[in-house]
Amino acid sequence: MSVSAESAVGHDELAVLKLLALEGGLEGDVKISCSRLAERLEASNQTASRRLQRLESSDLLERDTVSDGQWVAVTDAGERALHAEYEDYRRIFESDLEVELEGTVTSGMGEGRHYISLSGYKRQFADRLGYEPFPGTLNVDLREDSVRRRSAMASLEPVPIDGWEDEDRTYGPAVCHPATVETTDGGCYEEAHIIAPERTHHDEDQLEVIAPEKLRETLELEDGDRVTVSVGDRR
């Protein structure tokens with residue numbers, strides 16, 4: 001989603017998205033008219049139409065206009081936006097909020113080992129996380145439902161890792177979230193962190209986990225093993 005598209009979507013548009021989801025828009029196409037939507041919103045037809053247009057241009061909604069209304073459906077991106085709103089409310093009304101993500105262990109590209117070992121990051125890890133991570137990350141391919149759930153991490157307070165530079169180049173910032181890694185056979189490691197660099201080759205379906213120890217050896221993990229990563233607020 002582009003910056004301009006993001007700026008076009010606010011609380012008013014998300015309220016429309018919620019209404020459409022309640023009408024069944026998460027399951028598939030639902031038919032609605034601007035006049036009916038305007039009545040629900042207590043707004044004009046033009047306002048209702050404008051909000052639908054903004055949702056569509058931001059890829060949160062798909063729609064097909066017909067003579068007597070329009071067919072609309074909430075996209076995967078729209079569902080993630082609603083889920084993020086839901087997690088915000090959970091954070092308001094519930095304590096000790098955690099986001100539970102499931103996936104399988106996979107081999108990384110080796111860039112984690114390099115960046116975690118850089119002095120500008122290592123100093124911050126020791127100061128802000130309380131340890132120097134093992135030089136490498138545990139890479140997890142997330143299940144489809146966990147990819148959607150990952151957006152809920154936006155409501156968690158992260159540990160910031162600042163960007164820095166040396167004589168050769170500039171290194172970008174990152175955020176870390178406390179995490180617990182559990183295996184299917186009962187293994188558990190509680191002193192880990194999710195790390196999300198600002199610039200990375202990984203997609204939203206991949207998770208990188210750091211810890212003081214080599215998690216593959218400590219938890220006896222191999223590629224293809226299933227794990228659950230519970231992500232929480234800054235400690």
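The rules behind these values
The residue count restarts for each chain, going from 1 along the sequence in the order it is written. With the structure being a predicted model, the display of local features is reserved for residues of pLDDT at least 70 and the display and counting of side-chain atom pairs for 80 or more, all residues being used for whole-chain, interface and lining totals. As a convention, hydrogens and water are excluded, and side-chain values are obtained from all of the structure's heavy atoms. The pLDDT score gives, residue by residue, the confidence of the prediction method on a 0 to 100 scale. Two residues form a contact once any of their heavy atoms are found within 4.5 Å. Side-chain atoms within 4.5 Å link the members of a nonpolar core, which is a set of buried Ala, Val, Leu, Ile, Met, Phe, Trp, Tyr and Cys residues. For the exposure calls, accessible area comes from a 1.4 Å probe over protein chains only, and a residue counts as buried if that area is under 20% of its type's maximum, exposed if over 50%, partly exposed in between. Exposure above 30% relative accessible area and the absence of a salt bridge qualify a residue for a patch, where like charges join within 9 Å and nonpolar side chains (Val, Leu, Ile, Met, Phe, Trp, Tyr) within 5 Å. In this description, accessible areas are obtained by the Shrake-Rupley approach with a 1.4 Å probe, and a residue is regarded as covered only by the protein chains that are shown. Any Lys or Arg side-chain nitrogen found within 4 Å of a carboxyl oxygen on Asp or Glu counts as a salt bridge. Positive charges come from Lys and Arg alone, negative charges from Asp and Glu alone, with His and the N- and C-terminal ends not counted. To locate a charge, take NZ of a lysine, CZ of an arginine, CG of an aspartate or CD of a glutamate. Here a strand is any run of E in DSSP of at least two residues, a helix any run of H or I of at least four, and the numbering for each starts at the N terminus. Two strands are said to pair when DSSP picks up at least two bridges between them. Lines fitted to C-alpha atoms define the axes, with helix axes restricted to the stretch in contact, and inter-axis angles between N-to-C directions lie between 0 and 180 degrees. Expected span of a helix: the number of residues minus one, times 1.5 Å. By definition in this entry, angles of less than 35 degrees are roughly parallel, angles greater than 145 are roughly antiparallel, angles of 65 to 115 are roughly perpendicular, and the rest are oblique. Each Phe, Tyr or Trp ring (for Trp, its six-membered ring) is paired with any other whose centre lies within 6.5 Å, and the angle between the two planes then decides the class: stacked below 30 degrees, edge-to-face above 60, tilted in between.

What am I meant to see in the confidence of the model for the chain here?
When pLDDT is averaged along the chain, the result is 87, and 91% of the positions lie at 70 or above. Note that pLDDT drops below 50 for residues 1-7; the model gives that stretch 5 contacts with residues more than four away or on any other chain.

How should I be thinking about the nonpolar core in this particular structure?
Buried together is how nonpolar side chains tend to be arranged in soluble globular proteins. Membership of the largest hydrophobic core comes to 25 residues, with the highest contact counts inside it found for Leu138, Val181, Ile194, Leu215 and Val229. Setting aside its immediate chain neighbours within four residues, valine 229 contacts Val99, Glu100, Leu101, Ala179, Thr180, Val181, Ile194 and Leu207.

I would appreciate a short explanation of a negative patch on the surface in the present structure.
Together, Asp29, Asp59, Glu62, Asp64 and Asp76 make up a negatively charged patch on the protein surface. By secondary structure assignment, the location of aspartate 76 is in helix α5 (residues 76-93).

Teacher, can you tell me more about the sheet that holds strand β3 (residues 69-74) here?
In any sheet, the strands associate via hydrogen bonds between backbone groups, in a parallel or an antiparallel arrangement. Read across the open sheet, the 3 strands follow the order β1-β3-β2; overall the sheet is antiparallel. In the strand order of this sheet, the two ends are held by β1 (30-32) and β2 (61-66), each with one partner. Strand after strand, the sheet turns through a mean of 30° between neighbouring axes, direction not considered. Summarising the sheet, β2 and β3 pair through 6 bridges and their orientation is antiparallel. For leucine 61, the partnering residue across the bridge sits in β3 and is valine 74. Across the sheet, helix α2 (residues 11-25) touches β1, β2 and β3, and the angle it forms with β3 is around 95°.

What should I look at first to understand α2 in this one?
Residues spaced three or four apart along an α-helix face the same direction, because each turn holds 3.6 residues. In this model, α2 (15 residues) spans only 18 Å end to end at C-alpha, well below the 21 Å of a helix rising 1.5 Å per residue. Among all positions in α2, only Glu13, Leu14, Val16, Leu17, Leu19, Leu20, Ala21, Gly24 and Gly25 are buried.

Just to check I follow, could you spell out the environment of isoleucine 116 for this structure?
Here isoleucine 116 shows up in helix α6 (residues 111-116). With 102 residues separating them along the chain, isoleucine 116 and leucine 14 place their C-alpha atoms 38 Å apart. Beyond its immediate stretch of four places on either side in the chain, isoleucine 116 contacts Lys122, Phe125, Pro133, Phe134, Pro135, Gly136, Thr137 and Ile210.

Looking at this model, I keep getting lost on the pattern of salt bridges. Mind explaining?
Pairing between side chains becomes possible if they bear opposite charge and their charged atoms approach one another. Inspection of the entire model under this criterion finds 16 salt bridges. Among the ionic pairs, aspartate 162 bridges to arginine 128, the shortest N-O distance being 2.9 Å. Taken as a pair, aspartate 162 in the loop between β6 (159-161) and β7 (164-165) and arginine 128 in helix α7 (residues 119-129) lie far apart in primary sequence, 34 residues in all. We classify arginine 128 as partly exposed; its relative accessible area is 32%. Across the pair arginine 216 and aspartate 223 runs a salt bridge whose closest N-O atoms are separated by 2.4 Å. On the basis of relative accessibility, which here comes to 43%, the residue aspartate 223 falls in the partly exposed class. The structure contains a network of salt bridges with shared partners spanning Glu102, Arg143, Asp145 and Arg149.

Is there a simple way to explain the packing of helix α3 (residues 34-41) against helix α4 (residues 45-57) in this structure?
The angle between the axes and the distance between the axes are what describe a pair of packed helices. For the pair α3 and α4, the least separation of the axes is 8 Å and the interaxial angle reads 100°. By the angle between their axes, α3 is roughly perpendicular relative to α4. Judged by residue contacts, Cys34, Ser35, Leu37, Ala38 and Leu41 of α3 engage Asn45, Ala48, Ser49, Arg51 and Leu52 from α4.

I tried to follow the packing of aromatic side chains on my own but got confused; where do I start?
Pairs of aromatic rings are described using the distance from one ring centre to the other and the angle between the two planes. Summed over all chains, the structure comprises 5 aromatic pairs. Pairing tyrosine 121 with tryptophan 164 gives two aromatic rings, centres 5.5 Å apart and planes at 85°, and the pair type is edge-to-face. One end of the pair, tyrosine 121, is in helix α7; the other, tryptophan 164, is in strand β7, and 43 residues separate them in sequence. Tryptophan 164 shares its class with tyrosine 121; the two are buried. Taking 4.4 Å as the distance between ring centres and 20° as the angle between the ring planes, the aromatic pair formed by tryptophan 164 and tyrosine 171 counts as stacked. Of the two residues, tryptophan 164 and tyrosine 171, both sit in the buried class.

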